[in-house]
Amino acid sequence: MKIKKLWVSKYKNIDNQLFLFEDSPLITLLVGQNGLGKSNLLEVITCIMRELDLANHEEQLTTKTDKFFFDFEIIYTSNDNEVEIIARDQSLNIYVKEPDCEKLEISFSLFKKNKGYFPENIIAYYSGENKRIKELFEVHKEKRENALKRKATSSEAPILGKLFYVEENYGQILFLVLWIIKELADYKIYVDQLFAEFSGIERESLVQVTLCNPIFYTYGKQKGVEDLETNGYTYETIWNLNGEVEQLVKILYNNQMGKAAPTMYRDSEEITEKKIDEFIILDKLNFDELAISLLEYFGSVLKIFDVLEAAYRIGIIYKIGSSLNKNGASIQHDFSELSEGEQQLLTIMGLLLITGKSNTLYLLDEPDTHLNPQWQRDYTYLLKKFDIQNANSQIIVSTHSPLIVQSAEEADLFLFKKQGNSVVIDKNLHKIHNWRIDQVLQSEYFNLPNARPKYLDEFMFKRLEIIEKREVTEEDKVELKKYENAFNVLPTGETLTDIKTLIAINKITDRFEI
C-alpha cells in the first residue's frame, strides 16, 4: 500500500491539512519539534484504516457519534488498484481505478468484498509505550485473541489480524523466526548481516524454546505432558490445542524428537495464578529441517511468524532461551539482554524482512531512539534493503534524528512547523544534498541557532552580526578578543582573521553580484 494523498478536516492539532505524498518513494519522513503532530498524523492514518476495516455498513463511517470520526479524503494504491475514499459531511464516496480501466464509483459493500482494495496489513511500531496509538489497535488485538482462545487457531483470521501493533516484547519472536529462516536462500544474506554485522551473533550460537500449557487447559480433563510420556513420547494432541497452533507445536515437538526426547514435566507445587504448570523444553531443535517443515505446512515465512505470534499471544511459548556466541565470546542470555539498540534494529529490520513481501503500510514512531549515530546514518538505506519487495509497501517514519534526515536522499519529507498559534506542514522541496550534519542541524528541519555548544551562542550571534554589516570596528575587535580570552581557542572559521576573510568575500560577491 502507498498513500498518495490525504486530507484531514480536524484531528487534535491537525486542522484542515492536505498531505501530498510522492509517487515513488518507499519512505516518508515526518520531521519537527515535539508536540507538533507527527504522531497525530500516524493516528489519523490508523483511525481511517481501522474504521474502514471494522465497519460493516457505510453508516458506520458517516456519523459523527463515533469518537474517531472526522472528515477525510484519501487516495492510495493497493495491489495495483488506485482507491479514492471521500468521507465528508456524513456522506461516503468510493472510487476505484483498476489497471487499464476507467475510474469507477463503487458501493461500500463492493469495496469490502474485494480484498485487493485494502492492504494486507497495517503494522505500527513505537519505541517505548505510546498508549494513544496502541489503543487504536486494541479492537483488532481483542478479536484475534478471542478467536485464538476459542479454537487456538489463526486460520480463520487475516494474517496478523490485519492491523498489527508490535508489542514491546515481540522482538524475541522475530528473533526466533530469523533464526529459523537463516539458511533459506531468499533470506540468508539479510539474516547474516543482521546477526553478524549488527549484533555480533555467530552461527554456533544455540537457541531453545520452552513451551507451557495455556490457561484454557485443565489438568486431568485434557491430555498433557504426562500423557505424552505414557504414550511413549508419540505426539497425538496436547493441552486442548487445535488448528494451526497445534500443528506448530506438533512440528516443533517432532523436530526435537529427531535428536532426543524433550524434557517435559509438571510442577504442581509451582502453579501460578494463570494455572501454568506444565512445560516442554525443546533444546535440540534442528533449525534447518524446522524451516523446511514449517514452510511446507504454512506456505510462507510471514505465515510462520503469524502462527508463532499466535502461539505467543495465547501463552504457550514460555521462553525463548539462547546461548549466544557473540563477537567471539559465549554469553548465556536471551534476546532481552541484547543492548537496546541491537534489539531495536533487529526488531524493525526483522519485521520488514519477514512481512515485506506483503501489501503493507508501516507506521514507525521514533524507531531510532536507541540507535548509535552510525546506524542512524545508515537507517534509510537499511529500510530499503530489508523491505525486499518495496513496490507494495510504504514506510512512514517520525523522527528527530538529523542523521536520518541527512541520509534521506530518496525519501518523501514533511516538515511540521509552528506558525503563530497553528501548526503547518511544509512539503516544499528542501534540498540538503551533500550537506554536513552541522548544516542539517541549522536548517529549518531542526532550527538550531548553531552547531556549537550552547555557551558559544552569544559569540555566534555577535559573529553573524559583524559579518552581516560587512565591517569590523574597533569595538568589535575588543568584543571578539574578550570571547577569545574567555573560551581560550576559538574554533576554526570563527577567529578574527577568519571573520575578516568572510567579510572580504562577501564584499567581492556584492561588487560583482555573484
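Note: the structure precedes this text.
These figures come from a predicted structure and were not determined experimentally.

A. Looking closely at the overall build of the protein chain. Along the protein chain, the regular secondary structure elements total 17 helices and 18 strands. Taken across its 514 residues, the protein chain has 52% of its residues classed as buried. In the protein chain, of all internal contacts separated by at least 6 residues, the share reaching a separation of at least 24 is 70%. For the protein chain, the accessible surface area stands at approximately 24,600 Å², while carbon and sulfur atoms represent 47% of it.

B. Up close: the environment of Gln 60. Relative to the elements of secondary structure, Gln 60 occurs in the loop between helix 1 (38-54) and strand 4 (72-78). The exposure class of Gln 60 is partly exposed, given its relative accessible area of 36%. Residues Gln 60 and Gln 90 lie 30 residues apart in sequence; the distance between their C-alpha atoms is 9.9 Å.

C. Up close: the sheet that holds strand 8 (residues 121-126). The mixed open sheet is built from seven strands, whose spatial order is 9-8-15-16-3-17-18. Unpaired on one side and paired on the other, strand 9 (163-165) and strand 18 (422-426) mark the two borders of the sheet. Across the sheet, the mean angle separating the axes of adjacent strands is 15° when strand polarity is ignored. When strand 3 (residues 27-32) meets strand 17 (residues 412-419), the two strands line up parallel, connected through five bridges. Across the sheet, the residue bridging to Leu 29 is Leu 413, located in strand 17. Each of strand 3, strand 8, strand 9, strand 15 (360-365), strand 16 (394-399) and strand 17 touches helix 1; the most contacted strand, strand 15, lies at about 145° to it.

D. Examining helix 9 (residues 287-298) more closely. Its twelve residues give helix 9 an end-to-end C-alpha distance of 16 Å, which sits within 8% of 16 Å, the value for a rise of 1.5 Å per residue. Taken together, the buried positions of helix 9 are occupied by Phe 287, Leu 290, Ala 291, Leu 294 and Phe 298. Around the axis of helix 9, the buried residues are gathered within 100° of arc, so they sit on the same side. Where the residues of helix 9 are buried, they touch helix 5 (171-181), strand 10 (206-212), helix 8 (243-257) and helix 10 (301-313). The N-cap residue of helix 9 is Asn 286: its side-chain oxygen and the backbone nitrogen of Asp 288 are 3.3 Å apart. Backbone geometry just downstream of helix 9 places Gly 299 in the positive-phi region, at approximately 90°.

E. Representation of the sheet that holds strand 1 (residues 2-11) within the structure. If you trace the six strands from one edge of the open sheet to the other, you get 2-1-4-5-6-7, paired in antiparallel fashion. The outermost strands of the open sheet, each flanked by one partner alone, are strand 2 (14-20) and strand 7 (104-106). Going from strand to strand, the sheet's axes swing by 20° on average, the running direction of each strand aside. Where strand 1 and strand 2 come together, six bridges link them in antiparallel fashion. Within the sheet, the bridge partner assigned to Lys 10 lies in strand 2 and is Asp 15. Packing of helix 1 onto the sheet brings it into contact with strand 1, strand 2, strand 4 and strand 5 (81-88), and relative to strand 1 it is tilted by some 100°.

F. The arrangement of the packing of aromatic side chains in detail. This model, assessed by the stated rule, comprises 20 aromatic pairs. Ring centres 6.5 Å apart and planes at 35° place the aromatic pair Phe 19 and Phe 416 in the tilted group. You can see Phe 19 sitting in strand 2 and its partner Phe 416 sitting in strand 17, a full 397 residues away along the chain. Taking the relative accessible area as the measure of exposure, Phe 19 reaches 0% and is therefore buried. Given the relative accessible area of 2%, Phe 416 is considered buried. Connected via pairs of aromatic rings, a cluster forms that spans Phe 19, Phe 21, Phe 414 and Phe 416. Between the NZ or CZ atom of Arg 88 and the centre of the ring of Trp 7, over which it lies, the distance is 3.8 Å. Above the face of the Tyr 219 ring, Arg 266 is positioned so that its terminal group lies 3.5 Å from the ring centre.

G. Local environment of the pairing of strand 18. Pairing geometry for strand 17 and strand 18, over five bridges, is antiparallel. Each bridged residue has a counterpart across the sheet, and for Gln 419 the counterpart in strand 18 is Ser 422. Between strand 17 and strand 18, which pair antiparallel and follow one another directly, the connecting turn spans two residues, one of which, Gly 420, has a positive phi of 70°.

H. Molecular detail of the side chain of Gln 343. Of note, Gln 343 is situated in helix 11 (residues 340-355). Those residues in contact with Gln 343 that lie beyond four places of it in its chain are Phe 335, Ser 336, Glu 337 and Leu 338.

I. Layout of the pairing of strand 4. With six of its seven residues buried, strand 4 lies for the most part within the structure. Bridge count between strand 1 and strand 4: six bridges; the pairing is antiparallel. Note on strand 4: the bridge partner recorded for Trp 7 is Glu 73. Direction of pairing for strand 4 relative to strand 5: antiparallel, over a ladder of seven bridges. Across the sheet, the residue bridging to Ile 74 is Ile 85, located in strand 5. The antiparallel pairing of strand 4 with strand 5 creates a hairpin that spans two residues between the two strands, and Asn 79 there sits at a positive phi of about 55°.

J. Spotlight on the nonpolar core. Met 349 and Leu 383 are the most contacted members of the largest nonpolar core, which totals 96 residues. Apart from residues no more than four positions distant in its own chain, Met 349 is found in contact with Leu 194, Tyr 379, Leu 382, Leu 383 and Phe 386. Residues Ile 14, Leu 30, Leu 163 and Leu 363 belong to the second largest nonpolar core, which totals 50 residues.

What counts and how
- Residue positions are counted from 1 within each chain, in the order its sequence is given.
- Totals for whole chains, interfaces and linings use every residue, but because this is a predicted model, local features are given only for residues with pLDDT of at least 70 and side-chain atom pairs only at 80 or more, for both listing and counting.
- Hydrogens and water molecules were not included; the side-chain quantities draw on all heavy atoms of the structure.
- To qualify as a helix, a DSSP run of H or I must reach at least 4 residues; to qualify as a strand, a run of E must reach at least 2; elements of each kind are numbered from the N terminus.
- To sort residues, take the accessible area from a 1.4 Å probe on protein chains only and compare it with the maximum for the residue type: under 20% means buried, over 50% means exposed, and anything in between is partly exposed.
- Any two residues whose heavy atoms approach within 4.5 Å at even a single point are treated as in contact.
- All accessible areas in this document rest on Shrake-Rupley with a 1.4 Å probe, and a residue is counted as covered only by the protein chains that are shown.
- At least two DSSP bridges between two strands are required for those strands to pair.
- An axis is simply a line fitted to the C-alpha atoms; with a helix, the fit covers only the stretch in contact. Between two such axes, the angle follows the N-to-C directions and lies from 0 to 180 degrees.
- In a helix, the anticipated span is given by 1.5 Å times the number of residues less one.
- Here the arc refers to the set of directions running from the helix axis out to each C-beta atom.
- Here a polar contact is recorded for every N or O atom pair within 3.5 Å, except that within protein the pair must consist of a potential hydrogen donor and a potential acceptor, and residues adjacent in sequence are included only if both atoms are side-chain atoms.
- Note on ring pairs: Phe, Tyr and Trp rings are taken, using the six-membered ring of Trp, and paired if centres are within 6.5 Å. Classes follow the plane angle, with under 30 degrees stacked, over 60 edge-to-face and the rest tilted.
- In our convention, an over-ring charge means Lys NZ or Arg CZ found within 6 Å of a ring centre and within 35 degrees of that ring's normal.
- Remark: nonpolar core denotes a set of buried residues (Ala, Val, Leu, Ile, Met, Phe, Trp, Tyr, Cys) joined through side-chain atoms within 4.5 Å.

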